[in-house]
Amino acid sequence: MCMKKTNTRILLLLLAGFYAMPTVAQEMEQEPKLVQTETKEPKDFKGLSGITKNVIIGYAYSDFIYDPHSEIKTNFTRVGFSPTMVWMLGEKLFFESQVEFYTDSGNINTKIEYLKLSYIINKYMTVGMGKMLTPFGLYTERIEAPFIEKLPNAPLGLRQMDGVPNIGPISPEMGVDLRGGFYVGDSKMNYVLYVSNGAKLNDGLSETHLAGTLNYENFFDNNSNKSFGGRIGYLPLSNSSLEIGGSWSYSEVGDVKTAYEHLMSKAYSFDVTYHKTYPALKSMIDFKGQVNFLEVDKANYFDEKGDVYSFENRSNIYYVRLSLRPALVHNKYMKRFEFIGRYSVADFANDALWGGYAQRTDLGISYWLSLRIGLRIAYEKGDGLHGVSTEAILVRFVTGF
Amino acid sequence: MKKLIYTIIFACFVSMLFLSLPSCKTSAAVKEKSGAILWSENCSRCHYSPDPEDYNDAQWEVIVMHMRVRTSLTEDESQKILKFLQDSN
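Residues numbered from 1 in each chain as written. Chains lettered and ligands numbered in written order. Predicted model: local features only at pLDDT ≥ 70, side-chain atom pairs only at ≥ 80, totals over all residues. Heavy atoms only, no water.

This brings us to the overall build of chain A. Scanning chain A from terminus to terminus reveals two helices and 18 strands. Relative to its full complement of 401 residues, chain A shows a buried share of 48%. Restricting the contact set of chain A to residue pairs at least 6 apart, pairs at least 24 apart contribute 56%. Split by element, the accessible area of chain A, about 20100 Å² in all, is 63% carbon and sulfur. (Helix = DSSP H or I, 4+ residues; strand = E, 2+ residues; numbered from the N terminus. Buried < 20%, exposed > 50% of the residue type's maximum accessible area, 1.4 Å probe, protein only. Contact = heavy atoms within 4.5 Å. Areas by Shrake-Rupley, 256 points an atom, 1.4 Å probe, with all protein chains shown as cover.)

A few words now on the overall build of chain B. What chain B contains, in helices and strands, is five helices and zero strands. Each helix and strand of chain B, placed in order from N terminus to C terminus, yields the pattern α-α-α-α-α. Residues counted as buried form 45% of the 89 residues belonging to chain B. In chain B, once contacts between residues fewer than 6 apart in sequence are set aside, the share between residues at least 24 apart is 62%. In the form shown here, chain B has an accessible surface area of approximately 4700 Å², with 64% of it arising from carbon and sulfur atoms.

Where charged atoms from two side chains of opposite charge come close, those side chains can pair. Going through the model one piece at a time under the given rule, you end up with 29 salt bridges over all chains. Among the ionic pairs, Arg-45 of chain B bridges to Glu-243 of chain A, the shortest N-O distance being 2.7 Å. In this pair, Arg-45 of chain B sits in the loop between helix H3 (35-43) and helix H4 (57-71) while Glu-243 of chain A sits in strand S11 (residues 242-252), so the two residues belong to two different chains. One network of salt bridges, with partners in common, ties together Glu-149, Asp-286, Lys-288, Arg-321, Arg-342, Arg-360, Asp-362 and Glu-380 of chain A. (Salt bridge = Lys/Arg side-chain N within 4 Å of Asp/Glu carboxyl O.)

So, about empty space enclosed by the protein. Counting across every chain of the model gives seven cavities of 30 Å³ or more. Around the largest cavity, the lining is made up of 35 residues, and of these Ile-148 of chain A together with His-47, His-66, Met-67 and Arg-70 of chain B lie nearest the centre. For the lining of the largest cavity, the secondary-structure elements that each account for two or more residues are strand S1 (53-66), strand S3 (93-104), strand S4 (107-122) and helix H2 (139-143) of chain A together with H3, H4 and helix H5 (75-88) of chain B. Counting residues per element, the lining of the largest cavity draws most heavily on H4 of chain B, which supplies seven residues. In the lining of the largest cavity, the residues fall into 19 nonpolar, nine polar and seven charged. (1 Å grid on protein atoms, 1.4 Å probe; cavity = no way out; pocket = protein on both sides within 12 Å on 5 of 7 lines; lining within 4 Å. Points joined across faces, edges and corners; volume = space filled by probe spheres on them. Nonpolar A, V, L, I, M, F, W, Y, C, P; charged D, E, K, R; others polar.)

Listed by partner, the interface residues are 67 residues for chain A and 43 residues for chain B. On inspection of chain A and its partner chain B, the count reaches four salt bridges. Notably, a salt bridge pairs Asp-54 of chain B with Arg-372 of chain A, separated by 2.9 Å at the nearest N-O pair. Seen at the junction of chain A and chain B, the total is 18 residue pairs in polar contact (both at pLDDT 80 or more). Residue contributions to the side of chain A that touches chain B peak at six residues, all from strand S6 (residues 173-184) of chain A. (Polar contact = N/O pair within 3.5 Å; in protein donor to acceptor, adjacent residues only side chain to side chain.)

Residue and element names in this part refer to chain B. As enumerated under the stated definition, the model contains zero disulfides over all chains in all. Between Cys-43, a cysteine without a disulfide, and Cys-46, which holds the nearest cysteine sulfur, the sulfur-to-sulfur distance is 9.1 Å. Of the residues examined, Cys-43 reaches a relative accessible area of 18% and is grouped as buried. (Disulfide = S-S within 2.5 Å.)

Turning our attention to the nonpolar core. Leu-214, Leu-263 and Tyr-301 of chain A are the most contacted members of the largest nonpolar core, which has 61 residues in total. Ranked by residues supplied to this core, first place goes to H4 of chain B with six residues. Dropping the residues within four chain positions of it, Leu-263 of chain A is found in contact with Leu-201, Ser-251, Glu-252, Val-253, Gly-254, Val-296, Asp-297, Lys-298, Ala-299 and Tyr-301 of chain A. Formed by five residues, the second largest nonpolar core is a distinct cluster that contains Met-189, Tyr-234, Leu-242 and Ile-244 of chain A. (Core = buried A, V, L, I, M, F, W, Y, C linked by side-chain atoms within 4.5 Å.)

Turning our attention to the environment of Ile-373 of chain A. Residue and element names in this part refer to chain A. Inspection of the secondary structure puts Ile-373 in strand S17 (residues 373-383). Judged by its relative accessible area of 28%, Ile-373 falls in the partly exposed class. Expressed as a C-alpha distance, the spacing of Ile-373 and Phe-397, which sit 24 residues apart in the sequence, is 7.7 Å. Setting aside residues up to four positions removed in sequence, Ile-373 forms contacts with Tyr-367, Trp-368, Phe-397, Val-398 and Thr-399.

What follows concerns the pairing of strand S10 (residues 227-235) of chain A. Residues and elements named next belong to chain A. The buried fraction of S10 amounts to seven of the nine residues, a majority that puts the element mostly inside the structure. In the sheet, strand S7 (residues 187-196) pairs with S10 via nine bridges, with the strands oriented antiparallel. Across the sheet, residue Asn-190 finds its bridge partner in S10, namely Gly-233. Sheet topology note: the S10/S11 ladder contains seven bridges and is antiparallel. The residue of S11 that forms the bridge with Arg-231 is Ser-247. (Pairing = 2+ DSSP bridges.)

Bringing the side chain of Glu-100 of chain A into the picture now. You can see Glu-100 of chain A is positioned in strand S3. Polar contacts involving the side chain of Glu-100 of chain A include one to the side chain of Tyr-59 of chain A, which spans 3.3 Å.

Residues and elements named next belong to chain A. Two strands pair when backbone bridges link them, and strand S2 (residues 74-88) and S3 are joined in this way by seven bridges, in the antiparallel orientation. Paired with Trp-87 across the two strands is Phe-95, which belongs to S3. Taken together, S2 and the strand that follows it, S3, pair antiparallel across an intervening segment of four residues. Across 12 bridges, S3 lies against S4 in antiparallel orientation. Looking at S4, one finds that Tyr-102 is bridged to Asn-109.

Let's shift gears to the environment of Ser-49 of chain B. Mapped onto the elements, Ser-49 of chain B comes out in the loop between H3 and H4. Overall, the relative accessible area of 11% leaves Ser-49 of chain B in the buried class. The spacing of Ser-49 of chain B and Ser-27 of chain B is 22 residues in sequence and 27 Å in space, taken between C-alpha atoms. Each residue touching Ser-49 of chain B, except ones within four places of it in the same chain, is listed here: Leu-371 of chain A together with Trp-39 and Cys-43 of chain B.

A separate point is unusual backbone geometry. Located in the positive-phi region is Lys-282 of chain A, a residue other than glycine, with phi close to 55°. Tracing the backbone shows Lys-282 of chain A in the loop between strand S12 (264-278) and strand S13 (283-302). With a relative accessible area of 38%, Lys-282 of chain A lands in the partly exposed category. The phi dihedral of Ser-72 of chain B falls on the positive side, at around 55°, and the residue is not glycine. Within the secondary structure, Ser-72 of chain B sits in the loop between H4 and H5. Among the residues examined, Ser-72 of chain B registers a relative accessible area of 8% and is labelled buried.

Next up, the structure:
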């Protein structure tokens, strides 16, 4: 009797299961669709998906130099190609990456200039993470690209070069940033705040002559301290012709578990841009300037003989650049010319082995074959570190966007 | 000396900011700026822009998003510039 009851229960359960099966199957069928829909359109984060779109932009250039004081007076010194891929993954999500291929001093170099994933949180905020052009001053982020820089060379101290001290973060860094722009009345403001690995101090053990310099391409952090920095830009005029900005960056720079671990670096920068068309002059005037200050705590280093010396790194660099393009004249050839003058100074810590003062004046002409192709010629003259005079004629053929 | 320079620059910066605060409301003239004007005012501050015909609508959408973030353009500015470029290509 008991056995019969048990069999009946099992039978009922099987029947219930049989009738329930289509429902379960339906749910199983619907589940992936549901998951797909939820993934496609998450309620918390809008604009993460959609039709992906991408574009490749970038630039390419070729340089020539005539240096009357060098043993090799003429030289095709450098060619570079930098494809930039911008990939829009959703209405508010995109990825951008620039790879650089270039020759320098006879070597072929490849590097990732930047690689960053950004998400537009709302109309006032965008967050991005990856390897980024450091938003310190205006030059590195907006002007440095060879097709944007109107002269064939960069101002003193503002291009990342081996063996030359960085005065402030002028090269890309690994980190995260938050940025945006908004109106304040008829004026505008923009801001960037960032956290990055920060700079790494060169303690001079392998490169004695560079002891005390900072390297910002610190792709695997040398300590747990992070760099905090940012830039605030202000455009007081309603036509956006004037922008002034202030930047800062703080970080500890020494390797972990060394005497330099808590060495502090403070960098500040001020920049100004003025761009306006003057019908009376039939020209567009463009003025740019930037000053970087760097302070690194006093520390002991060893010279080539093994003797200890110490210094506090207080260095600064600055440049001003003025250009005029008679774009409103009727002559179709004349309107393609642009005349540029620039003065730059690098004032490095006197007590450092790499210390000293250098200044350079650049006078150039850029001829715009089209809005994307420029032929630039410049004459540069200046005093390098330790009183060495420099003089050269530079030519650059460049295209890009 | 450097501290004095920092202070002066910072004071100028803050003063200019405060001077603009009394008129916190954006004027109609600024609000009604066309995409063409915004394109001319903003893009040319750094570089000369290519012809709008050089890229198609989808490509401009990606490029404008890239530039909006790079230069901290406002949402309104970037939308108007995008519309201008898409209407002109």
